[in-house]
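Descriptive structure summary
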Amino acid sequence: MKDNCSHLLNKSVMQIVAMLLVFLMLTGCSTNSRSNTITTELKEDGKTALIPIIDEDQAEERSKEAQKYTYEVHASDLKADSIDLSQLGISTPEGIVVDEEKIVISDSGNNCLYVMDLQGENMSKVGGIGNGECEFLHPTGLAYTRGYYYVMDSGNDRIEILDKDFGYVDQLHLPDVKFSPDDHFTSIAIDENGGIYVCGTFAKNSGIYYKSQEEQEFRRIGIGFYGSMFEDNGTVYAMNQGNIFINEKEETFGMCGGDNSLWRIDGADLEEICTLPVGRAPESFVVSGDKVTFLSSYEMGILTFDITSGSYLSTPYMYRSGKDLPDESYMTMSNNTIYIITPKIR
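Residues numbered from 1 in each chain as written. Predicted model: local features only at pLDDT ≥ 70, side-chain atom pairs only at ≥ 80, totals over all residues. Heavy atoms only, no water.

Focus: the sheet that holds strand E22 (residues 291–296)
Note the cut-off: Strand pairing is assigned whenever DSSP detects at least two bridges linking the two strands. Working definition: helices are DSSP H or I runs of at least four residues, strands are E runs of at least two. Numbering for both runs from the N terminus. Angles shown run from 0 to 180 degrees and are taken between the N-to-C directions of axes, each axis being a line fitted to C-alpha atoms and, for helices, limited to the stretch in contact.
Spatially, the 4 strands line up as an open sheet ordered E21-E22-E23-E24, and their pairing is antiparallel. Across the chains shown, the open sheet's two edge strands, defined by having one partner strand only, are strand E21 (282–288) and strand E24 (312–318). The sheet shows a mean angle of 20° between the axes of neighbouring strands, direction not considered. Across 5 bridges, the pairing between E21 and E22 is antiparallel. Across the sheet, the residue bridging to Val286 is Thr293, located in E22.

What follows is the structure, given as structure tokens:
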């Protein structure tokens, strides 16, 4: 993997963290077989959905449209380094946040957090399996703001709030909306007013869930959304991976690479600020100025687009083949450096 990065060494702006060893490309659509009740509920959601909930024929049309989009690849001169987290004993990294001094990674396999310096050294462990203070069960998304860490303790259906020294401060209950044990909230962001946003990549009860500082419980906004979020200087952005689709005749539903947009969130309001080409399937993303950078499973690389025009700008990194492509990715940015963790090996 490092050999593949060696041609991107002219400018030290980008750092790829923990690209593990074996990856497979995501398929265009995934389907679940469920009862007619679920497809009926999803159809009802579609009446007020932020992201259209479509039928299977429309999903196939979007797939064909994705194949028609072409552009001339512009290689970027960004530096890429990697750290093999599996060699450090990290099992399944599913969240990352970077502050002024530390990289913090959640490990859902070991039910803990790992903390290291910005060079990926001097690692220490925080927590372990359980439901007490500073204990976790399948921790996923992470956020850091105003000296506090917010840990999505997904298996315990809560958010744990820790101080800068990782001491327990408080906890918040996550929305009780999981449809199956495999459903997990994966992304969390905090806005400048202390509002908290969480979301996951599940079809049933899809959306972004928001709680202001004054509210006691989360409420659902952005119905039909599944994707990830990113916070930049107190502003929260969201990017959807595609569309939820249903097949009423077969009583199935699933998710497919389809519509892709960048949204700005302000409280319960979502503003679409950029429409991207159909079918890019962004795994995770960061926003810097007038640019958005995301990992595209469809394009097998990391792409940068202009957020004012939605036009392609450059390709900072390309994977050598489908087997090198991560099945999932989680991305963040700090001090003009992008950090990516890629947890799944198949």
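Structural notes on the side chain of Asn205
To keep it simple, the criterion reads: Think of it in three bands: with a 1.4 Å probe and only protein chains considered, a residue is buried below 20% of the maximum accessible area for its type, exposed above 50%, and partly exposed in between. Only heavy atoms matter for contacts: two residues are in contact if any of them lie within 4.5 Å across the pair.
Structurally, the position occupied by Asn205 is in the loop between strand E12 (196–200) and strand E13 (208–211). Residue classification places Asn205 among the buried residues on the basis of a relative accessible area of 18%. Setting aside residues no more than four positions away along its own chain, Asn205 makes contact with Val177 and Arg220.

What about the pairing of strand E5 (residues 112–117)?
Counting buried positions over the 6 residues of E5 gives 6, a clear majority of the element. Residues of E5 alternate between two faces, with Cys112, Tyr114 and Met116 on one and Leu113, Val115 and Asp117 on the opposite face, all of them buried. As paired elements, strand E4 (residues 102–107) and E5 share 6 bridges and run antiparallel to each other. By the bridge assignment for E5, Ser106 is matched with Leu113. What sits between E4 and E5 in their antiparallel hairpin is a turn of 4 residues, with Asn111 showing a positive phi close to 55°. Bridge analysis of E5 against strand E6 (residues 124–126) gives 3 bridges, and the strand direction is antiparallel. From the neighbouring strand, Leu113 faces E6, where its bridge partner is Val126. Connecting E5 to the next strand, E6, in antiparallel fashion are 6 residues, including Gly120 with a positive phi near 80°.

A closer look at the sheet that holds strand E8 (residues 148–153)
By way of backbone hydrogen bonds, the strands of a sheet pair with one another, either parallel or antiparallel. Taken in spatial order, the 4 strands of this open sheet run E7-E8-E9-E10, and their pairing is antiparallel. Looking along the sheet, the strands with just one partner apiece sit at the ends: strand E7 (139–145) and strand E10 (168–173). Averaged over all adjacent pairs, the angle separating strand axes in this sheet is 20°, with direction ignored. For E7 and E8, the ladder comprises 5 bridges, and the chain directions are antiparallel. Within E8, the residue paired with Ala143 across the bridge is Tyr150.

A word on the nonpolar core
The test is simple: Buried Ala, Val, Leu, Ile, Met, Phe, Trp, Tyr and Cys residues form a nonpolar core when they are joined through side-chain atoms within 4.5 Å.
Core analysis: the biggest nonpolar cluster contains 24 residues, and Met239, Leu262, Phe285, Val287, Val292, Phe294 and Phe305 have the highest contact counts within it. With sequence-adjacent residues up to four places away left out, Leu262 is seen in contact with Tyr237, Ala238, Met239, Glu271, Glu272, Ile273, Cys274, Phe285, Val287, Val292 and Ile307. One finds Ile159, Val177, Ile188 and Val198 within the second-largest nonpolar core, a separate group that totals 16 residues.

Description of the pattern of salt bridges
Just so we agree on the cut-off: Criterion for a salt bridge: a side-chain nitrogen of Lys or Arg within 4 Å of a carboxyl oxygen of Asp or Glu.
By the definition in use, this model includes 12 salt bridges. Across the pair Arg220 and Asp45 runs a salt bridge, and its minimum N-O distance is 3.0 Å. With Arg220 in strand E14 (residues 219–221) and Asp45 in helix H2 (residues 36–45), this residue pair connects regions lying 175 residues apart in the sequence. The exposure class of Asp45 is buried, given its relative accessible area of 15%.

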